[in-house]
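A look at the structure
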Amino acid sequence: QVQLVESGGGLVQPGGSLRLSCAASGSIFKIYVMGWYRQAPGKQRELVTTITSSDTTNYADSVKGRFTISRDNAKNTVYLQMNSLKPEDTAVYYCHGTVQITAVTAPRNYWGQGTQVTVSS
C-alpha cells in the first residue's frame, strides 16, 4: 500500500558528501514523521535523524553538524544531506515513515529497502 524508495547511496571518500532521497508512494493520506536509520555490519540499526510534518528535526549526536534532513511534503519525499563523511558512517541507510493511509486508519510505520553508503579511501 505504501512504498518508500531510497536513492543516492554509493562510495565516497572521507570528508566527502552524499545526498540521499526517499520518496513515498501509494495510498497516502498523511505522512507524520519521516527519518533515516542506519545499520553497520555486526551492529544494531540506529537512529540517524527524523523530521516531523512541521519540520521539527532530531539528530543523533554522531551526525550533528554534518548531516541535514529536509522534506518536501508536496512530493512526499525526505532528503538527507551528508557532509564531512567519516568511515564510521559506512552503513546501509534505511528510510522510515509513519504514514496514515486513510482518515480513519491508524498511522503505521513503513521502511524502505535500504541504500548502501560506503566511506572509504
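Just so we're clear, the structure is a prediction, and the values are computed from it rather than from any experiment.

In total, this model carries one aromatic pair according to the counting rule given. Each ring, one from tyrosine 37 and one from tryptophan 111, has its centre 5.0 Å from the other, and the planes form 65 degrees; the classification is edge-to-face. Within this pair, whereas tyrosine 37 is found in strand E4 (residues 30–39), its partner tryptophan 111 is found in strand E10 (residues 108–111), the two being separated by 74 residues in sequence. For tryptophan 111, a relative accessible area of 39% translates into the label partly exposed.

The four strands lie next to each other as E1-E3-E8-E7, forming an open sheet whose pairing is antiparallel. In the strand order of this sheet, the two ends are held by strand E1 (2–7) and strand E7 (67–72), each with one partner. Taken pair by pair, the neighbouring strands of this sheet meet at an average axis angle of 15 degrees, ignoring direction. Bridging between E1 and strand E3 (residues 18–26) involves six bridges; their strand directions are antiparallel. Each bridged residue has a counterpart across the sheet, and for serine 7 the counterpart in E3 is serine 21.

Next up on the list: the pattern of salt bridges. Following the criterion strictly, the structure yields four salt bridges and no others. Between arginine 66 and aspartate 89 there is a salt bridge, with the nearest N and O atoms lying 2.7 Å from each other. With arginine 66 in the loop between strand E6 (57–59) and E7 and aspartate 89 in the loop between strand E8 (77–82) and strand E9 (91–100), this residue pair connects regions lying 23 residues apart in the sequence. Through salt bridges with shared partners, a single network forms among Arg38, Glu46, Arg66 and Asp89.

Below, the discussion takes up the state of the cysteines. Applying the stated rule across the entire model yields one disulfide. A disulfide bridge connects cysteine 22 with cysteine 95, and the sulfur atoms are separated by 2.0 Å. On the sign convention where negative means left-handed, the S-S torsion of about -80 degrees between cysteine 22 and cysteine 95 marks this disulfide as left-handed. Of this pair, cysteine 22 sits in strand E3 while cysteine 95 sits in strand E9; the two residues are 73 residues apart in sequence, bridging distant segments of the chain. For cysteine 95, a relative accessible area of 0% translates into the label buried.

Looking at the secondary structure, you find alanine 40 in the loop between E4 and strand E5 (46–51). The spatial distance from the C-alpha of alanine 40 to the C-alpha of valine 92 is 6.4 Å, given a sequence separation of 52 residues. Every residue in contact with alanine 40, bar those within four places of it in the chain, is listed here: Thr90 and Ala91.

In terms of nonpolar packing, the biggest core is built from 30 residues, with Trp36, Phe67, Val78, Leu80, Met82 and Tyr93 touching the most fellow members. Only E1, E3, E4, E5, E7, E8, E9 and strand E11 (115–119) provide two or more residues apiece to this core.

What follows is about unusual backbone geometry. The backbone phi angle of aspartate 55 is positive, close to 70 degrees, even though this residue is not glycine. Note that aspartate 55 resides in the loop between E5 and E6. Relative accessible area serves as the criterion here: at 47%, aspartate 55 is assigned to the partly exposed category. Positioned with a positive phi, serine 84 is a non-glycine residue whose angle comes to about 50 degrees. Looking at the secondary structure, you find serine 84 in the loop between E8 and E9.

What counts, and at which threshold
- Residues numbered from 1 in each chain as written.
- Predicted model: local features only at pLDDT ≥ 70, side-chain atom pairs only at ≥ 80, totals over all residues.
- Heavy atoms only, no water.
- Phe/Tyr/Trp six-rings, centres within 6.5 Å; stacked < 30°, edge-to-face > 60°.
- Helix = DSSP H or I, 4+ residues; strand = E, 2+ residues; numbered from the N terminus.
- Buried < 20%, exposed > 50% of the residue type's maximum accessible area, 1.4 Å probe, protein only.
- Pairing = 2+ DSSP bridges.
- Axes fitted to C-alpha atoms, helices over the stretch in contact; angles between N-to-C directions.
- Salt bridge = Lys/Arg side-chain N within 4 Å of Asp/Glu carboxyl O.
- Disulfide = S-S within 2.5 Å.
- Contact = heavy atoms within 4.5 Å.
- Core = buried A, V, L, I, M, F, W, Y, C linked by side-chain atoms within 4.5 Å.

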